[in-house]
Amino acid sequence: MDRKQFEDLADMWGGHLSHWPDSVREEADAFLHREPSALAILSEASELDNLLSTALLADGGELLEHRIMRSFPKPAFDADWRRPAMAAAAALVIGLAGGYAGGGFVPVQAGDATSLDYADAFDGLTEDWSSWEWSDA
Amino acid sequence: MRRIANGDKDAGRELMERSLGLVLAIGRRMLRDPVEAEDVAQDTFIRAWKAAPDWQPGRAKLESWMCRIAANLCLDRLRKKREAAMEPPPEMQDGAAAADNGMIANEAGMRVLAAIAALPERQRLALELCHFQDFSNIEAAEKLEISVDALESLLARGRRKLKTLLMPQRDELMSSLSEAAESTPEVM
């Protein structure tokens, strides 16, 4: 490697040999140790690296942060779904069992024909409506 | 990331606060359009949050992974624009629009961003991938669909141009940077 090649590489990859391609790093390191001016080349490239690093961050402001957070995905399904599902199932079983057991303590009302009366109110539905006309309305 | 995968919004906010500055700056440098840069930032976080259940710690540094998502999204946008226009987008002459948005964290950064924005698109992208994102020359060449030699040529021309633009004002820029560092807390 000569000085021109070393300068070209510094122009491309900056002042830190660790950022240079693997294929040239060893040779460049050897050149750096035998050529005193190589350090100045790296130093100048590092100065440019430092200047470029000033454009590394940008400030988006609160509005952008709010906008981004509004996009936070709502969980499609609770990751810990078993707990509420088990609680709901337990409540259902207890309710059904309680209702069934409690039914035995309710006295039957003799002569209670409410359901029949209710059904009677809709007896008209069984009539033959096939001959119905608008004029009948 | 595990908390994010479980729908923890506070964890999502923490990730955003840690990475937004980096991600947004990538969009600004690559796209030179503050509005598009914000869109890319938003898309980056949406992708990262959705990918949270598959995140494997140790494979990559979280911020680096976020930056790569952002850089890839920017490249996709630029590719789509090129395909739509069938010609390269017009290059700004002086990068003034990028600097005028006033969103880079400090005065020195704005001036450096303006210099980067003044580079032709391919040089700017080569610089972004190799300098800011630490892509290898082979990876960056693949991303830009060019040969390694062409990539290195773009990189050298880009950095030489930046050297010409910025090095004469380096003392001023560095002192502006020091003042900003003394007067304001760090962004990250």
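First, a word on scope: everything that follows refers to the structure included in this document. Just so it is clear, the model here is predicted, and its values are computed rather than measured. Here, residues in each chain are numbered from 1, in the same order as that chain's written sequence. Think of it this way: whatever chain is written first is A, whatever ligand is written first is 1, and the rest follow in order. Local features in this predicted model are restricted to residues of pLDDT 70 or higher, and side-chain atom pairs are both shown and tallied only at a pLDDT of 80 or more, whereas totals for entire chains, interfaces and linings draw on every residue.

Points about the overall build of chain A
On a plain count of helices and strands, chain A comes out with six helices and zero strands. Secondary structure elements follow DSSP: runs of H or I of four or more residues count as helices, runs of E of two or more count as strands, with numbering from the N terminus. In sequence order, chain A lays out its α and β elements as α-α-α-α-α-α. By residue count, 14% of the 137 residues in chain A fall in the buried class. The contact criterion used here is simple: two residues whose C-beta atoms, placed from the backbone, lie within 7 Å are in contact. Across chain A, the fraction of contacts at a sequence separation of at least 24, relative to all contacts at a separation of at least 6, is 61%. To assign burial, the other C-beta atoms lying within 10 Å of each residue's own C-beta are counted, with C-beta atoms placed from the backbone; 20 or more indicates buried, 12 or fewer indicates exposed, and intermediate counts indicate partly exposed.

Considerations on the overall build of chain B
A tally of helices and strands in chain B yields 10 helices and zero strands. Ordering the α and β elements of chain B from the N terminus gives α-α-α-α-α-α-α-α-α-α. Within the span of chain B, comprising 188 residues, buried residues form 42% of the whole.

Concerning helix 3 (residues 37-53) of chain A
Residues lying three or four places apart along an α-helix face the same way, a consequence of the helix completing one turn every 3.6 residues. Residue and element names in this part refer to chain A. Take the number of residues in a helix, subtract one, and multiply by 1.5 Å to get its expected span. For helix 3, spanning 17 residues, the distance from its first C-alpha to its last is 25 Å, which sits close to the expected 24 Å at 1.5 Å a residue. Looking only at helix 3, the buried set comprises Ala 45, Leu 48, Leu 51 and Leu 52. Viewed end-on, helix 3 has its buried residues packed into an arc of 110°, placing them on one side of the element. Opposite its buried face, helix 3 presents the exposed residues Leu 39, Ala 40 and Ser 43, each directed more than 90 degrees away. Arc definition: it is the arc formed by the directions from the helix axis to the C-beta atoms.

Focus on the interface of chain A and chain B
Accessible area lost when the parts come together is the quantity often used to give the size of an interface. Each partner contributes to the interface: chain A provides 26 residues, whereas chain B provides 46 residues. Of all elements in the fold, only helix 1 (3-13), helix 3 and helix 4 (61-70) of chain A reach the threshold of two or more residues within the side of chain A that touches chain B. Just so you know the grouping, Ala, Val, Leu, Ile, Met, Phe, Trp, Tyr, Cys and Pro go in nonpolar, Asp, Glu, Lys and Arg go in charged, and all remaining residues, Gly too, go in polar. Looking at the side of chain A that touches chain B, its residues break down into 16 nonpolar, four polar and six charged.

Considerations on helix 7 (residues 121-132) of chain B
Residue and element names in this part refer to chain B. Helix length check: helix 7 (12 residues) gives 15 Å between terminal C-alpha atoms against 16 Å at 1.5 Å per residue, within 8%. Counting buried positions along helix 7 gives 10 out of 12 residues, so the element sits mostly inside the fold. Buried within helix 7 are the following residues: Gln 123, Arg 124, Leu 125, Ala 126, Leu 127, Glu 128, Leu 129, Cys 130, His 131 and Phe 132. At the exit of helix 7 stands Asp 134, carrying a positive phi of roughly 60°.

Re the environment of Pro 120 of chain B
Tracing the chain through its elements places Pro 120 of chain B in the loop between helix 6 (107-117) and helix 7. Measuring from C-alpha to C-alpha, the distance between Pro 120 of chain B and Gly 158 of chain B comes to 8.1 Å, with 38 residues separating the pair along the chain.

Structural notes on the packing of helix 4 of chain A against helix 3 (residues 34-51) of chain B
In this description, a line fitted to the C-alpha atoms serves as the axis of each element, helices being fitted only across the stretch in contact, and the angle between N-to-C directions of two axes falls anywhere from 0 to 180 degrees. Where helix 4 of chain A contacts helix 3 of chain B, the two axes come as close as 9 Å, and the packing angle between them is 40°. Crossing geometry of helix 4 of chain A relative to helix 3 of chain B is assigned as right-handed. Residues Leu 64, Arg 67 and Ile 68 of chain A of helix 4 of chain A pack against Glu 38, Ala 41, Gln 42 and Phe 45 of chain B of helix 3 of chain B. Crossing handedness is defined as follows: a turn of the near helix away from the far one that is anticlockwise and smaller than a right angle gives a left-handed crossing, while the clockwise case is right-handed.

Brief notes about the packing of helix 2 (residues 9-31) of chain B against helix 3 of chain B
Residue and element names in this part refer to chain B. Viewed as axis vectors pointing N to C, helix 2 and helix 3 meet at an angle of 140°, and their least axial separation amounts to 8 Å. The angle between helix 2 and helix 3 places the two elements in the oblique class. The two elements helix 2 and helix 3 meet at a crossing, and its hand is right-handed. Side by side, helix 2 and helix 3 meet where Gly 12, Leu 15, Met 16, Leu 20, Val 23, Leu 24, Gly 27, Arg 28 and Leu 31 of the first sit next to Pro 34, Glu 36, Ala 37, Glu 38, Val 40, Ala 41, Thr 44, Phe 45, Ala 48 and Trp 49 of the second. Class assignment of the residues belonging to the contact of helix 2 with helix 3 gives a composition of 13 nonpolar, three polar and three charged. For classification, angles of less than 35 degrees are called roughly parallel, those exceeding 145 degrees roughly antiparallel, those between 65 and 115 degrees roughly perpendicular, and all remaining angles oblique.

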